[in-house]
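A look at the structure
Letter by letter, the chains look like this.
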Amino acid sequence: MLLQQGAQAYVDGDYSTAISRFTAATMQQPDSPLAFYDLGVARLSAGSKDGFADLEHADALACNVFLHYLVAAWRVARDLDVPVVDISLYFQAQ
C-alpha cells in the first residue's frame, strides 16, 4: 500500500509525500529493491543526488535484470547530464 501511495504522490508531483511513503516502505521492508528504487527516483526527481545511493542499494538487493537496466539508465543519464523518462512509477500508481 505504501508503494502505491508513494507512486500516486509521485505521479501527482508531490515528491515530498512520495519520498515519505517510500522511506516508510523501506523501513517496513528493508530487503525490497522496489521500495529503494522508488525512493531513489523520487529523490532524484526532487533534485537530490542522494537518490543515486538508493538506486545503487536497490540494484544490490535485486535479482532482476529489468531493475538493473533501469539503474544503469539512470547512471548513464547522470554521466551524460541528460534527463530520464522513467514511467515505472506511473504504472505502480495504477
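Each remark here, short or long, concerns the structure printed above.
In short, a report on the structure. Keep in mind that what you see is a predicted model, and the values were worked out from it rather than measured.

Reading the values: rules and limits
- Residues numbered from 1 in each chain as written.
- Predicted model: local features only at pLDDT ≥ 70, side-chain atom pairs only at ≥ 80, totals over all residues.
- Heavy atoms only, no water.
- Helix = DSSP H or I, 4+ residues; strand = E, 2+ residues; numbered from the N terminus.
- Contact = heavy atoms within 4.5 Å.
- Axes fitted to C-alpha atoms, helices over the stretch in contact; angles between N-to-C directions.
- Parallel < 35°, antiparallel > 145°, perpendicular 65-115°, else oblique.
- Left-handed = near helix turned anticlockwise from the far one by under 90°.
- Nonpolar A, V, L, I, M, F, W, Y, C, P; charged D, E, K, R; others polar.
- 1 Å grid on protein atoms, 1.4 Å probe; cavity = no way out; pocket = protein on both sides within 12 Å on 5 of 7 lines; lining within 4 Å.
- Points joined across faces, edges and corners; volume = space filled by probe spheres on them.
- Expected span 1.5 Å × (residues − 1).
- Buried < 20%, exposed > 50% of the residue type's maximum accessible area, 1.4 Å probe, protein only.
- Salt bridge = Lys/Arg side-chain N within 4 Å of Asp/Glu carboxyl O.

With that settled, the discussion passes to the environment of Pro30. Mapped onto the elements of the fold, Pro30 is located in the loop between helix H2 (15-28) and helix H3 (33-45). Once the C-alpha coordinates of Pro30 and Leu61 are considered, the two residues, 31 residues apart in sequence, prove to be 9.5 Å apart. Beyond its immediate stretch of four places on either side in the chain, Pro30 contacts Phe36, His57 and Leu61.

Taken N-terminus to C-terminus, the directions of helix H4 (residues 51-61) and helix H5 (residues 65-80) make an angle of 150°; their axes are 9 Å apart at the nearest point. Here H4 is positioned roughly antiparallel relative to H5, judged by the angle of their axes. Two packed elements cross with a definite hand, and for H4 against H5 that hand is left-handed. Contact residues: H4 offers Phe52, Leu55, Glu56, Ala58 and Asp59, while H5 offers Leu67, His68, Val71, Trp74, Arg75 and Arg78. In terms of residue class, the contact of H4 with H5 is built from 6 nonpolar, 1 polar and 4 charged.

We now examine the layout of surface pockets. Of the volumes computed, that of the largest pocket is approximately 230 Å³. Residue lining of the largest pocket: 13 residues in total, with Leu44, Lys49, Phe52, Trp74 and Val82 positioned closest to the centre. A per-element tally of the lining of the largest pocket places H5 first, with 3 residues. Among the residues forming the lining of the largest pocket, the class breakdown is 7 nonpolar, 3 polar and 3 charged.

Between its first and last C-alpha, H3 extends 18 Å over 13 residues, near the 18 Å set by a 1.5 Å rise per residue. Inspection of H3 places Ala35, Phe36, Tyr37, Asp38, Leu39, Gly40, Val41, Ala42 and Leu44 among the buried residues, and these make up the whole buried set. Those residues of H3 that are buried are in contact with helix H1 (2-11), H2, H4, H5 and helix H6 (88-93).

A positive phi angle is found at Asp81, which is not glycine, with a value near 55°. Relative to the assigned elements, Asp81 resides in the loop between H5 and H6.

We now examine the pattern of salt bridges. Here the structure, examined in full by the defined rule, presents 4 salt bridges. In this structure, the salt-bridge partner of Asp59 is Arg75, at a minimum N-O distance of 3.2 Å. One end of the pair, Asp59, is in helix H4; the other, Arg75, is in helix H5, with 16 residues separating them in the sequence. With relative accessibility at 24%, the residue Arg75 sits in the partly exposed group. One salt-bridge network, in which partners are shared between bridges, spans Glu56, Asp59 and Arg75.

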